[in-house]
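Below, each chain spelled out in residue letters.
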Amino acid sequence: RHQWAGNDGETAIQAAAQTGSALVVEYLLAKGAPLEICTAAMLGRRDDVERMLDSDPDFIHARGAHGIPLMPHAAMSNNLELARMLFERGATDGLSLALGNAVMHGDARMARWIMERSHPDLTWKNYEGKSLWMIASETGKKDMLALLSEYGVVS
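What this report covers is the structure whose coordinates are included nearby. Everything numeric in this text was worked out from a predicted model, so none of it was measured.

1. Focus: the nonpolar core
(1) Moving on: Counting residues in each nonpolar core, the largest one holds 40 residues, and the members touching the most others are V49, M71, L86, V103 and L148.
(2) Moving on: Taken together, the elements giving at least two residues each to this core come down to α3 (37-43), α4 (46-55), α5 (70-74), α6 (80-88), α7 (95-104), α8 (108-118), α9 (132-139) and α10 (142-150).
(3) Moving on: Looking at which element gives the most residues to this core, the answer is α8, with six residues.
(4) Moving on: Aside from chain neighbours lying at most four places away, what touches V103 is A111, L132, I135, A136, T139, M144 and L148.
(5) Moving on: Judged by nonpolar contacts, the second largest core, of nine residues, contains I13, L29, L43 and M76.

Quick look at the structure:
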């Protein structure tokens, strides 16, 4: 476990999950790292996420590394049904970051769904100070840039 400062620490698998590094997460799971709900959500493992929520409904408010809520992890999964299920069960924290993650991963379907359902802050910036438009421009995904333009997000 790496301790950044105060209570802000993370395990290797949490670090990989919060950045969307599925290959690293799968490697760590194969080596015996525990599967937490945020990690399962990032991987798009809906069955595991539902099983965890059924065993403890309070997991809907789970947070991963750096206090990142469940929905931003799910937004990296490319599993819109998982994101819908979590939202319907009350995972409503971190929706602007969730949108940022969907944009970063080039998932226009997820990004549209987040914008239609949750009214995230379209002026949100990531930890590097990059706007949604800048993130989308770096990915080169024309469908994402078109979607952001449709919602009035421009450079």
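Having seen the model, we can carry on.
2. Focus: the pattern of salt bridges
(1) Moving on: Per the counting criterion, the structure on display carries 12 salt bridges.
(2) Moving on: Measuring nitrogen to oxygen at the nearest pair gives 2.4 Å for the salt bridge that ties R84 to E81. Taken together, the residues span about one helical turn, with R84 and E81 both in helix α6 at a distance of three residues.
(3) Moving on: Overall, E81 belongs to the partly exposed group, its relative accessible area being 41%.
(4) Moving on: Notably, a salt bridge pairs R112 with E150, separated by 2.9 Å at the nearest N-O pair. With a gap of 38 residues between them, R112 in helix α8 and E150 in helix α10 connect regions that are remote in the sequence.

3. Some points on the environment of W124
(1) Moving on: Structurally, W124 can be placed in the loop between α8 and α9.
(2) Moving on: In this structure W124 comes out as buried when scored by relative accessible area, which is 16%.
(3) Moving on: The sequence separation of W124 and L97 amounts to 27 residues, and the corresponding C-alpha distance is 7.7 Å.
(4) Moving on: Leaving out residues up to four positions away in the same chain, W124 has contacts with S96, L97, G100, K130, S131, L132 and I135.

4. What to know about the side chain of D48
(1) Moving on: The topology assignment puts D48 in helix α4.
(2) Moving on: D48 sits in the buried class, given a relative accessible area of 18%.
(3) Moving on: When neighbours within four sequence positions are excluded, D48 is seen to be in contact with L35 and A40.

5. What to know about α7
(1) Moving on: Taken across its 10 residues, α7 has eight buried, putting it largely inside the fold.
(2) Moving on: Burial in α7 covers these residues: L95, S96, A98, L99, G100, N101, A102 and V103.
(3) Moving on: A positive phi of about 70° marks G106, the residue just after α7.

About the cut-offs
- Residues numbered from 1 in each chain as written.
- Predicted model: local features only at pLDDT ≥ 70, side-chain atom pairs only at ≥ 80, totals over all residues.
- Heavy atoms only, no water.
- Core = buried A, V, L, I, M, F, W, Y, C linked by side-chain atoms within 4.5 Å.
- Buried < 20%, exposed > 50% of the residue type's maximum accessible area, 1.4 Å probe, protein only.
- Helix = DSSP H or I, 4+ residues; strand = E, 2+ residues; numbered from the N terminus.
- Contact = heavy atoms within 4.5 Å.
- Salt bridge = Lys/Arg side-chain N within 4 Å of Asp/Glu carboxyl O.

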